[in-house]
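Observations on the model geometry
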Amino acid sequence: MFMPAKPALAQVWHTVKSDHFVVFYQEGECFAQKVADKAERYYQSIAYDIGYPRYSKFWIWENRVKIYLYPDKPDYLRNTSSPEWTEGLADYKNRCIASYVGSESFTENVLPHEIAHLIFRDFVGFENDIPLWLDEGIAQWWTSGNKNRIIQVVAKQLYARDAILSIDDISNFEIPKIRQFRYVEKVRTKDNEPAILILTPEQLINTFYLQSASLVDFMRRRYGQDRFTRFCRELRDGKSIDKAIQSVYGDYFQDLYGLERTWREYLAN
Ligand SMILES: [Zn+2]
């Protein structure tokens, strides 16, 4: 969470507005304009993708998402108290995104990822019990662009090494806050035997993100985009994850565990 800082004395926030976004910047008008254009394009594609109503008024006028661009990286880090390795962050509650002028990694990766989160959360509602892997998987899908093939190659390697986390664990995943421990996870091997997996926090986080992206890519590619959009709509209409799976993917599997089984079969091949 971050509070958009008031600029230091003698600095002011200028703005560039598009239909669904307001970009705040202190210098670097060109970059701010580029961010506004890209954000608008991502919005159109992502909204269409998950079945967000085309003429939703929710994001326009005073509800436009605010994007704060600090003049440079040190300024961004200082004002948002973000970790050194980040290129941007989002505050979903206040519908704010922050980064700094000139970050290509922000426009190409962070921006579509965070817009996907914002749209998906608006669409399905905050009170809905959505598994974290689905939310992250959709956002990752938009971040990784055409890198999905690589994601599946790595997911298959993890599976071959019996290093795949269970669907229960990734549904209730929490980003580790303490970085020096090892994490012990209960998993099942390829032969369906119980086993444990010992991971560093980095390995755990990477595995979680990779599996989330792999599952969403699998659902979309194997069973089609239309079905995936329908699945998101069922969740928005208040169905539980199992009920939504049953009504949309019922020809193939009946619940989350069925999805997990089918996905593991795919990774095995
Ligand atoms: Zn995310």
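Residues numbered from 1 in each chain as written. Predicted model: local features only at pLDDT ≥ 70, side-chain atom pairs only at ≥ 80, totals over all residues. Heavy atoms only, no water.

1. A look at the nonpolar core
Most often, soluble globular proteins have nonpolar side chains that are buried together. Core analysis: the largest hydrophobic core is formed by 75 residues, its most contacted members being I67, I115, W133, L134 and F231. Two domains each donate at least three residues to this core, and these are domain 1 (14–124) and domain 2 (132–268). If you look at the next biggest cluster of nonpolar residues, it comprises 11 residues, including V22, Y68, L77 and C96. (Core = buried A, V, L, I, M, F, W, Y, C linked by side-chain atoms within 4.5 Å. Buried < 20%, exposed > 50% of the residue type's maximum accessible area, 1.4 Å probe, protein only. Domains from an automatic or database assignment.)

2. Focus on the pairing of strand β3 (residues 65–70)
Of all six residues in β3, five are buried, a share of seventy percent or more. Summarising the sheet, strand β2 (residues 21–25) and β3 pair through five bridges and their orientation is parallel. Residue pairing for β3: V23 is matched across the bridge by I67. Strand direction decides the pairing type here: β3 and strand β5 (residues 96–100), joined by five bridges, are parallel. Residue pairing in the sheet places I67 in a bridge with I97 of β5. (Helix = DSSP H or I, 4+ residues; strand = E, 2+ residues; numbered from the N terminus. Pairing = 2+ DSSP bridges.)

3. Some details on the domain arrangement of the protein
Here the protein is partitioned into domain 1 (14–124) and domain 2 (132–268). Centre-to-centre separation of domain 1 and domain 2, based on C-alpha positions: 26 Å. Taken residue by residue, the interface counts 15 residues in domain 1 and 15 residues in domain 2. Where domain 1 abuts domain 2, roughly 1,500 Å² becomes buried across the two surfaces, and 61% of that area is made up of carbon and sulfur atoms. For the pair domain 1 and domain 2, the interface holds two salt bridges. A salt bridge links R121 to D135; its shortest N-O distance comes to 2.8 Å. (Contact = heavy atoms within 4.5 Å. Buried area = accessible area lost by both parts, 1.4 Å probe. Salt bridge = Lys/Arg side-chain N within 4 Å of Asp/Glu carboxyl O.)

4. Some points on the coordination of the zinc ion
Only H113 (NE2), H117 (NE2), E136 (OE) and E136 (OE) from the protein reach the zinc ion as donors, at distances of 2.1 to 2.5 Å. Each of the four donor atoms bound to the zinc ion contributes to angles spanning 55 to 151°, and the resulting shape is irregular. Site description for the zinc ion: donor spacing in sequence, H-x3-H-x18-E. Highlighted residues: H117 in helix α3 (residues 104–124) and E136 in helix α4 (residues 132–144), separated in sequence by 19 residues. (Donors = N, O, S within 2.8 Å, 3.2 Å for Na, K, Ca; no water. Tetrahedral: all angles 85-135°; square planar, octahedral: opposite > 155°, others 65-115°.)

5. Quick word on the side chain of T207
Within the element layout of this structure, T207 appears in helix α7 (residues 201–223). Aside from chain neighbours lying at most four places away, what touches T207 is L158, A163 and L165.

6. Examining the pattern of salt bridges
Evaluation of the coordinates by the stated rule reveals 12 salt bridges. Note that E108 and K38 form a salt bridge whose closest N and O atoms lie 2.7 Å from each other. Placement of E108 in helix α3 and of K38 in helix α1 (residues 29–50) is noted, with a sequence separation of 70 residues between them. Given a relative accessible area of 36%, E108 falls into the partly exposed group. For K38, a relative accessible area of 18% gives the class buried.

7. A word on unusual backbone geometry
Positive phi, normally seen in glycine, also occurs at R95, with a value near 55°. Along the chain, the position of R95 falls in the loop between β4 (89–91) and β5. You can call R95 buried: its relative accessible area is 14%. Of note in the backbone geometry, D162 takes a positive phi value of approximately 55° without being a glycine. By the secondary structure assignment, D162 is in the loop between α5 (148–160) and α6 (167–171). Given a relative accessible area of 23%, D162 falls into the partly exposed group.

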